[in-house]
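Residue-level structural notes
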Amino acid sequence: MRYLPKSPDERRQMLQQIGCDSVEQLFDSIPAEVRRQRPLALDPGQSEPEILGYFRARAAENARDAACFLGAGAYDHYRPSVLDAMISRSEFYTAYTPYQPEISQGTLQAIFEFQTLMCQLTGMDVANASLYDGSTALPESVLMAIRANRRKRIVTARSVHPEYRQVLHTYLQHQEIALEEVPFAASGQADARALADRLGDDVSAVVVQSPNFFGIVEDIPQLAAQVHAAGALLIVMIAEPVSLGILRPPAEADIVAGEAQSFGVPVSFGGPYVGFVAARDQYVRSLPGRLVGQTTDADGNRGFCLTLATREQHIRREKATSNICTNQALCALMVTVFLSVYGKQGLREMAVQNLSKSRYAAERFRNAGAKLRFQGPYFNELAVADLGGRPNLQDRLSEQKIIGGLDLGRYYPELAGDVLLCFTETASREKMDRLVQIMTESG
Amino acid sequence: MADTDIKKARPHVSQNEGLIFELSSPGKVAYQLPPLDVRAQDPVQALGREYVREELAGFPEVSEIEVVRHFTRLSTWNYGVDTGAYLLGSCTMKYNPKINEVVARLDGISNAHPCQPEPLAQGCLRILHDLSKALVEITGMDSVTLQPAAGAHGEMTGLLLVRAYHQSRGKPRKKVLIPDSAHGTNPASAALVGYDTGSVPSNPEGMVDLAKLDSLMDEEVGALMLTNPNTLGVFERDIVEIGRIVHSRGGLLYMDGANMNALVGVSRPGDFGVDVLHLNLHKTFSTPHGGGGPGAGPVAVKKILEPFLPVPLVREAADGTLAFDFDRPQSIGRVRAFCGNFGVLVRALAYILANGAEGLRQTTEDAVLNSVYLRKLLQDAYELPYSAPTLHECVFSDKRQARRGVHTGDIAKRLIDYGFHPYTVSFPLIVPGALMIEPTESESKQELDLLADALLSIAREAEQEPETVLTAPHSTRLRRLDEVQAARRPILRWKPPA
């Protein structure tokens, strides 16, 4: 087998040195009754052309060359060629976790840069080295808040990504924490009055997402004032961080967490992505996951290493801030390269393009007689009212090589027939026109 | 300093490189976006001033070549599997096949959207389906979820399943038992699920003490969390009896699959009494470690736990079409958005396709052969605290070297000078001063002989010139880093100079 670097002769030599007659003897410590007698029922090993053939056939069974107007937590932005060139360097992608800092400075410095970029984007003081994704970043943030103030109730806006909220529920189901939700207003923003009713001195944290699942931007300063007055923490989730190219960062939040997939991580049918969590300085020792810190070596040179490990599972075990070990380091590297390429001007310009595309689409929908479900400010996603229920809609879109949006009825029964659409800088005017035309045509 | 003994490595000039922010200068660009084909919006007009940020202070402004040189230089400071052997116990740092990288990037796969209508995602669903089938066959279980993003995530998922099972039978139970040799994620995951942990001591052979297990196992214990082979590399000889004890009190047997590299094709957890286990695709199944992820931690279960699996599962209809099944009333819920670390799953499936049954078995045989061979070469110079036969990894202690003041951490640092990545230091906790070594099947006899030479040479150095070892590494860009200072005065981000 081509991945095994030993010849039959070498195996014989080695067995001889060990004092074994056969390789089977090496497994004598496994009781015979549980040792497998038959080969596994798997097809024989394949050559590269055959493996390629298999996956090409699978790729052909998926949509291809289609303009996709889906967002809903996974965003298509242009990945510069530099990105793959850098992350394909084997010293990055075949490397282990940087526990031996002297031979891992590449990984460590890149993570330090990632942590810095997340702080600069979000307005927070400290950020970790990554979490699995945006959805798991939510329970990790909530658990941080609970550790901070020991209160037992969490209030989450219903406009937070539904699958994030499902994951929060899964994680907290055995923790004796009450999970409540507040509705969204006609604007699409979290309903501030309903929130006021829910607040009390047993609320640990309030969770909102901005832009939220409907693409609507939340009024963070106002929410923060409300939440802090009640002595609770404000957690702001961000699923589309390209928005931070032009949106005011949620600087009043206590914890900002979410999904950085937009920054150069392929959409890849849902993963691997890259979660992030950032917070104010006072919460640093409660952060989950890995942290890279700056230090010096024996000769006084600047270097980086993993630090504050007493928070983590390998030291603190059942008392750790999280059970997370392997995280999403290579995806965090993609983010760091992406943001280095686009930089200060590029991220802003990309965000302006996204805003412009979605506003154009909205105008076209309005001209065709359709309306947006929500009136609030939005970035690159919007919900168009009542156009989702038309017969064979996706088939008609497919004919034009278009993948349409998400029917909100999937998660919000009262919004069935409303369609969530995303317009990034990759959306062409022509395809947007076609999309509007097909969605709004009668019959 | 006996540098003439170092055969595998020599020092080499490497480039310095500051932080990307330190290279920044206003007006430098590395990007160009296509021109807008619609009217440009002014954010303040479109959103209102209160929603718009000031500039991205401190964000990089560099050119393309600077980005390329920056990350290229950083990469040259790293060591990877493609550079040379990693000996990290229970990490299974094996070769990452390059065809896996090609197929993960195919058009139609790397750009598939997770919310694509199912008729437009049949290829992705087929990949999930085929991988699930293969993993079920390899583990001897009945069903699998591919959602968890890593081993620890899988552990949490598995324990949630255990708890849901017990809850459905009337009593969730209160705790899980974990051997004292276990990885830290085990108790951390148990805590998340609301279970207390009880520690099961190891016997003098390094295996689970059956008598102690028998006395600890009662109807408050939801599960025994076992790594098999354990973190000493030893197969639990009494595994069938262990399963019987646990099952006799209504408990479940959870297996941490981190050490599956000793079992694939040779023994199946489902055949030795395991009810639920997680796998680490970034260990056993060759997906790249990436400097700390992404990985994937699928969880395989016996039928009794299937109703509780996370939603959604992939189901095949009579006509062969595939769909996500969300109608699972007893499910523990989602453990993450979307279906899993799909790009990692693709790579694992490619690895399984490349190997087939015979390749997988040969892989396991070579992994064990390599480790036992290494053990033989080293056992005269390094203390072996447990004499039980080991499989794919083994654990030495620094007891002999410690007499000269040299500890496992020092030996690890000196091994860097010899051109190797260190083994796992100071774990498992039941071996004081542990050196946990797992070569994997990816090492040739030459590399193993060089490794043995290196460790034997370091043992001699510890005897004759301990200072050399204590102040290692000598040949790296940076000498030993002050990790105490890093924790005492944490600097966790760059800030612009005042």
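Owing to the predicted nature of the structure, the values given are computational and were not obtained by experimental measurement.

What follows is about the interface of chain A and chain B. In this assembly, 159 residues from chain A lie in contact with 173 residues from chain B. Per-element accounting of the side of chain A that touches chain B gives the leading share, 23 residues, to helix α11 (residues 329-367) of chain A. The residue inventory of the side of chain A that touches chain B, partitioned by class, reads 76 nonpolar, 51 polar and 32 charged.

This part takes up the domain arrangement of chain A. Where the parts come together, the accessible area they lose is often given as the size of the interface. Residues and elements named next belong to chain A. What the domain assignment reports for chain A is domain 1 (67-78 + 343-440) and domain 2 (81-338). Centre-to-centre separation of domain 1 and domain 2, based on C-alpha positions: 27 Å. In this assembly, 25 residues from domain 1 lie in contact with 25 residues from domain 2. Among the elements that take part in the side of domain 1 that touches domain 2, α11 stands out by supplying 7 residues, more than any other. The residue makeup of the side of domain 1 that touches domain 2, split by class, is 15 nonpolar, 7 polar and 3 charged.

Right, let's get into the sheet that holds strand β13 (residues 406-407) of chain A. Residue and element names in this part refer to chain A. Taken together, 3 strands build an open sheet; the order of strands is β11-β14-β13 and the sheet is antiparallel. The outermost strands of the open sheet, each flanked by one partner alone, are β11 (381-384) and β13. In the sheet, β11 pairs with strand β14 (residues 419-422) via 4 bridges, with the strands oriented antiparallel. Residue pairing for β14: L382 is matched across the bridge by L421.

Residue and element names in this part refer to chain B. Here chain B is described as being made up of domain 1 (3-77), domain 2 (100-353) and domain 3 (358-484). A separation of 38 Å is found between the C-alpha centroids of domain 1 and domain 3. Across the contact, 8 residues belong to domain 1 and 9 residues belong to domain 3. Broken down by class, the residue content of the side of domain 1 that touches domain 3 amounts to 4 nonpolar, 1 polar and 3 charged.

All names here are of chain B. Along strand β6 (residues 252-256), 5 of the 5 residues are buried, which leaves the element largely enclosed by surrounding structure. Both faces of β6 are covered, namely the face carrying L252, Y254 and D256 and the face carrying L253 and M255. Inspection of the sheet shows strand β5 (residues 221-227) paired to β6 by 5 bridges, in the parallel sense. Residue pairing in the sheet places T227 in a bridge with D256 of β6. In this fold, the crossover linking β5 to β6 by way of helix α8 (residues 239-248) has right-handed handedness. Sheet topology note: the β6/strand β7 (residues 276-278) ladder contains 3 bridges and is parallel. In the sheet register, M255 faces β7, and the bridge partner there is L277.

Cut-offs applied
Residues numbered from 1 in each chain as written. Chains lettered and ligands numbered in written order. Predicted model: local features only at pLDDT ≥ 70, side-chain atom pairs only at ≥ 80, totals over all residues. Contact = placed C-beta atoms within 7 Å. Helix = DSSP H or I, 4+ residues; strand = E, 2+ residues; numbered from the N terminus. Nonpolar A, V, L, I, M, F, W, Y, C, P; charged D, E, K, R; others polar. Domains from an automatic or database assignment. Pairing = 2+ DSSP bridges. Buried ≥ 20, exposed ≤ 12 C-beta atoms within 10 Å, placed from the backbone. Right-handed = clockwise from strand over helix to strand, strands pointing away.

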